[in-house]
Amino acid sequence: MGYQQCVRCVMDTTDPEIVFDEKGQCNHCKSAERAIAKDIIADPIAKQKALQTIVEKIKKDGQGKEYDCLIGVSGGVDSTYVAYKVKELGLRPLAVHVDNGWNSELSVSNIEKALKTLNIDLYTYVLDWNEFKYLQMAFLRASVPDLEIPTDHAINSVLRSMTTKHNIKYMIFGSNINTESILPRRWSHGHQDWGYIQAINKRFGGKELKSFPHLSFWKKIYYRITNRLEIINLLDYLDYSKSGAIEILQKELNWQYYGGKHYESVYTRFVQGYILPNKFNYDKRKAHLSSLIVSGEISRDEAIQDLEKPIYPPDLLEEDLRFVNSKFGITETEFYRLMELPNKEFEDYPSDERSIKYKLIKSMYEFYKGFFKRT
Amino acid sequence: MFRPRVIPCLLLMNSGLVKTIKFQNPQYVGDPINAVKIFNEKSVDELILLDITASMENRKPALNQLSRICSEAFMPLCYGGGVSTLEDISSILSVGFEKVSINNKAIYTPEFISAASSTFGSQSIVVSIDVKKDFWGRYSVAGQRGTKALKLNPVLWAQEVERRGAGELFVNSVDRDGTGIGYDYSLIKMIAEAVDIPVIACGGAGKVNDFTRAIKESGASAVSAGSMFVFHGKHRAVLITFPSEEELKQAFL
């Protein structure tokens, strides 16, 4: 198959699984359009009402507790805007941050400014770098694009355990359809898959994962059965636009912008700006810009112009490359050798998703769901 | 305008950063390389890095890691922990540290201070003194990571250290460490009045105003703090912070 780019968004054949219709429109923007139609309430009054209902429910359920909801904070736009909004709505959040050893100065000062101004309590979980380093290195050695999965997994696990600890029933996230509706499966997969993380660590890591916060297969099932936790993607109830949010945060919280999506972490910046595009030919900006096209925040032409800009300012790349190697304790030669390894993907390694156990339990679950529906 | 130096003090243990309370219960706070990079971007005046278990474990300074830490910092850096020979000092200075802090070795072999100072110059030799109050409220120098009160008067010891050529004193109050209730002002004052070399106050800082008092009331030349720069709020959430230049100027007006 030759190169092809979608006529509606900017996704292209660098996603090996992309499918185009006869008019040249891809599966990603089509399903994003469906998601917006299905999950975003179009009528402003109904939307406002839905938000009000949720906020009232959170307040009611949280009465008498120290916190009524939990938010994750990274210092980035989405999570900071959630912090700003929940306070405005009169909720009493506990903010949780997972420090994976790659915070930029901007991310920590953004968190500090926002939480101080908004008077929100913070809890930080610091991953043990001596352990986590080997896990991140293992993913590099495994040569998969899923390099950020260990962090995402840990964040999820820490947030979950904090809701249990503080008896919180609501997690409010900054994930949203308007700016994040598109992300090809092949570009990163396995966020919730402890089996996958363990398999990679066993094969390529150097250390046992003793303290790493994780959600095992059984723990997930346990949570699903016992924990009535509700996840609310707050931004989907608002007219969320990224540029609008940035403007408000800069004005109200003295918050500072850091460049690209998720560039508040040095490693994320390096993964998205260097490793993914250079080793795998995955440019996450395409997915992100495509989401913005579908939600109407930018035009396709603007996105194409944006993509022509360098993904990484050369000076910053040089600085980050040196820093990443220094943190991992490897030489530049070793790093480039890792970049040269043949590319692999999720399916090349064992995982919960591919295990018989998972398939069996999933089919049992589907069966029961069907059974209860019938009865 | 000249203003006194404000120096984050970072504690190393098993190659990670920790923070203690009264020298006990080290809590892990992260990777030193990243922390130093963030402090560097926050333009702190200086940094002190102390490997708190090196001496007890009879370990040499971890030069490989120290050199990587150094490459993230443009401000003057001081290292302490397990420094017991002139070669140690030489190798620490050669990876990029400006100053070396000596504690244990100095207590048991005071001549080492003289040798170090005459070899490397007093400007690069800091002597670190941990001080503890006993049951009767008397001060004594504490050895072995602050656990053991020695029969050594801090003021007399400070004077001896100065005589032997130390360029600076780092005075840490064991009882105040990690508490955030303010420095031991009378201790700092006693020592600062007894010597002519600069005294860095450490142990107990909780707010910018504590810096002001240590400098103005107790005569310290510089102030150092740990918890105040790594913890945030009532859950003691790890979050690196440093006062803005404006706040500091205001504090030392």
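Residues numbered from 1 in each chain as written. Chains lettered and ligands numbered in written order. Predicted model: local features only at pLDDT ≥ 70, side-chain atom pairs only at ≥ 80, totals over all residues. Heavy atoms only, no water.

Looking at an unreviewed UniProt entry, one finds chain B named Imidazole glycerol phosphate synthase subunit HisF and attributed to Anaeroselena agilis. In its Pathway (unreviewed entry) section, the UniProt entry covering chain B states "Amino-acid biosynthesis; L-histidine biosynthesis; L-histidine from 5-phospho-alpha-D-ribose 1-diphosphate: step 5/9." The record in UniProt for chain B states the following under Function (unreviewed entry): "IGPS catalyzes the conversion of PRFAR and glutamine to IGP, AICAR and glutamate. The HisF subunit catalyzes the cyclization activity that produces IGP and AICAR from PRFAR using the ammonia provided by the HisH subunit." (UniProt positions renumbered as here; feature names shortened; annotations may be inferred.)

Identification of chain A as N-acetyl sugar amidotransferase from Anaeroselena agilis is taken from an unreviewed UniProt entry.

A. Summary view of the overall build of chain A. When you go through chain A residue by residue, the secondary structure sums to 16 helices and 5 strands. Relative to a compact globule of 375 residues, whose C-alpha radius of gyration would be 21 Å, chain A shows 21 Å and is just as compact. The contacts in chain A between residues at least 6 apart in sequence include a share of 78% that link residues at least 24 apart. Accessible surface for chain A amounts to roughly 17,800 Å². Of this, 52% is attributable to carbon and sulfur atoms. Measuring between centres, the 52 positive side-chain charges of chain A sit 7 Å from its 51 negative side-chain charges. (Helix = DSSP H or I, 4+ residues; strand = E, 2+ residues; numbered from the N terminus. Rg over C-alpha atoms; globule rule 2.2 N^0.38 Å. Contact = heavy atoms within 4.5 Å. Areas by Shrake-Rupley, 256 points an atom, 1.4 Å probe, with all protein chains shown as cover. Lys, Arg positive; Asp, Glu negative; His and termini not counted. Charge placed at Lys NZ, Arg CZ, Asp CG, Glu CD.)

B. A look at the packing of aromatic side chains. All names here are of chain A. Applying the stated criterion across every chain yields a total of 29 aromatic pairs over all chains. Centroid distance W102 to Y267: 4.9 Å. Interplanar angle 25°. Geometry classified as stacked. Taken together, the positions of W102 in the loop between β2 (93-99) and α4 (105-118) and Y267 in helix α11 (residues 266-280) put the pair 165 residues apart, joining distant regions of the chain. Here the two residues W102 and Y267 agree in accessibility, since each one is buried. Ring geometry for F139 versus Y196: centroids 5.7 Å apart, planes at 85°, classification edge-to-face. Linking F139 in helix α5 (residues 129-142) with Y196 in helix α8 (residues 194-204), this pair joins segments that are 57 residues apart in sequence. Each member of the pair, F139 together with Y196, is buried. Geometry around F280 places K279 over its ring, the cationic atom sitting 5.3 Å from the centre. (Phe/Tyr/Trp six-rings, centres within 6.5 Å; stacked < 30°, edge-to-face > 60°. Buried < 20%, exposed > 50% of the residue type's maximum accessible area, 1.4 Å probe, protein only. Lys NZ or Arg CZ within 6 Å of the ring centre and 35° of its normal.)

C. A look at the pairing of strand β7 (residues 125-133) of chain B. All names here are of chain B. The buried fraction of β7 is high, at 7 of 9 residues. Summarising the sheet, strand β6 (residues 99-102) and β7 pair through 3 bridges and their orientation is parallel. Bridge pairing links S101 to V126 in β7. One ladder, built from 6 bridges, connects β7 with strand β10 (residues 168-173); its direction is parallel. (Pairing = 2+ DSSP bridges.)

D. Focus on the packing of helix α12 (residues 284-294) of chain A against helix α13 (residues 300-308) of chain A. Residues and elements named next belong to chain A. One can describe the packing of α12 onto α13 by two numbers: an axis separation of 9 Å at closest approach and a directional angle of 160°. With respect to α13, the axis of α12 lies roughly antiparallel. Seen from above, α12 lies across α13 with right-handed handedness. Where α12 abuts α13, its residues R285, K286, L289 and I293 lie against R300, A303, D306 and L307. In terms of residue class, the contact of α12 with α13 is built from 4 nonpolar, no polar and 4 charged. (Axes fitted to C-alpha atoms, helices over the stretch in contact; angles between N-to-C directions. Parallel < 35°, antiparallel > 145°, perpendicular 65-115°, else oblique. Left-handed = near helix turned anticlockwise from the far one by under 90°. Nonpolar A, V, L, I, M, F, W, Y, C, P; charged D, E, K, R; others polar.)

E. Quick look at the sheet that holds strand β4 (residues 170-173) of chain A. All names here are of chain A. What the 5 strands build is an open sheet, ordered β3-β2-β1-β4-β5; its pairing is parallel. Lying at the two open borders of the sheet, with one neighbouring strand each, are β3 (121-126) and β5 (230-233). Strand-to-strand twist in this sheet, taken as the mean axis angle between neighbours without regard to direction, amounts to 30°. Looking at chain direction, strand β1 (residues 69-72) and β2 are connected through 4 bridges and run parallel. The partner of I71 across the bridge, within β2, is A95.

F. Main features of the pairing of strand β4 (residues 47-51) of chain B. All names here are of chain B. Of all 5 residues in β4, 5 are buried; the element is thus mostly enclosed. Alternating residues of β4 divide into L47, L49 and D51 and I48 and L50, and every residue in both groups is buried. Alignment of β4 against strand β5 (residues 77-80), held across 4 bridges, turns out to be parallel. Its bridge partner lying in β5, I48 is registered against C78. Once you follow β4 into helix α2 (residues 63-70) and on to β5, the crossover reads as right-handed. (Right-handed = clockwise from strand over helix to strand, strands pointing away.)

G. Quick peek at helix α1 (residues 27-39) of chain A. All names here are of chain A. Taking 1.5 Å as the rise per residue, α1 with 13 residues should run 18 Å; its terminal C-alpha atoms sit 18 Å apart, in good agreement. Among the residues making up α1, those that are buried are H28, C29, A32 and I36. Take α1 and look down its axis: the buried residues cluster within an arc of 90°, on one side only. Residues of α1 that are exposed and angled more than 90 degrees away from the buried face: R34, A37 and K38. The inward-facing, buried residues of α1 contact α7 (177-180) and α12. (Expected span 1.5 Å × (residues − 1). Arc of directions from axis to C-beta.)

H. Looking closely at the interface of chain A and chain B. Listed by partner, the interface residues are 32 residues for chain A and 23 residues for chain B. The contact between chain A and chain B buries some 2,200 Å² in all, and 53% of this surface belongs to carbon and sulfur atoms. We note a salt bridge from E72(B) to R322(A), for which the minimum N-O separation is 3.2 Å. Our enumeration of links across chain A and chain B arrives at 15 residue pairs in polar contact (both at pLDDT 80 or more). Going through the elements one at a time, β2, α4, β3, α5 and α14 (314-328) of chain A are the ones with two or more residues in the side of chain A that touches chain B. Among the elements that take part in the side of chain A that touches chain B, α4(A) stands out by supplying 7 residues, more than any other. Residues of the side of chain A that touches chain B, tallied by class, amount to 13 nonpolar, 9 polar and 10 charged. (Buried area = accessible area lost by both parts, 1.4 Å probe. Salt bridge = Lys/Arg side-chain N within 4 Å of Asp/Glu carboxyl O. Polar contact = N/O pair within 3.5 Å; in protein donor to acceptor, adjacent residues only side chain to side chain.)

I. Structural detail: the pattern of salt bridges. Residues and elements named next belong to chain A. This model, assessed by the stated rule, comprises 39 salt bridges over all chains. The residue R186 makes a salt bridge to E345 at a minimum N-O spacing of 3.0 Å. With R186 in the loop between α7 and α8 and E345 in the loop between α15 (332-340) and α16 (356-374), this residue pair connects regions lying 159 residues apart in the sequence.

J. Region of interest: helix α6 (residues 149-165) of chain A. Residues and elements named next belong to chain A. For α6, built from 17 residues, the straight-helix expectation of 24 Å at 1.5 Å per residue is met to within 8% by its first-to-last C-alpha distance of 24 Å. Those residues of α6 not exposed but buried are I149, P150, T151, H153, A154, S157, V158, L159, R160, M162 and T163. A positive backbone phi angle near 55° is found at N167, which sits one or two residues after α6.

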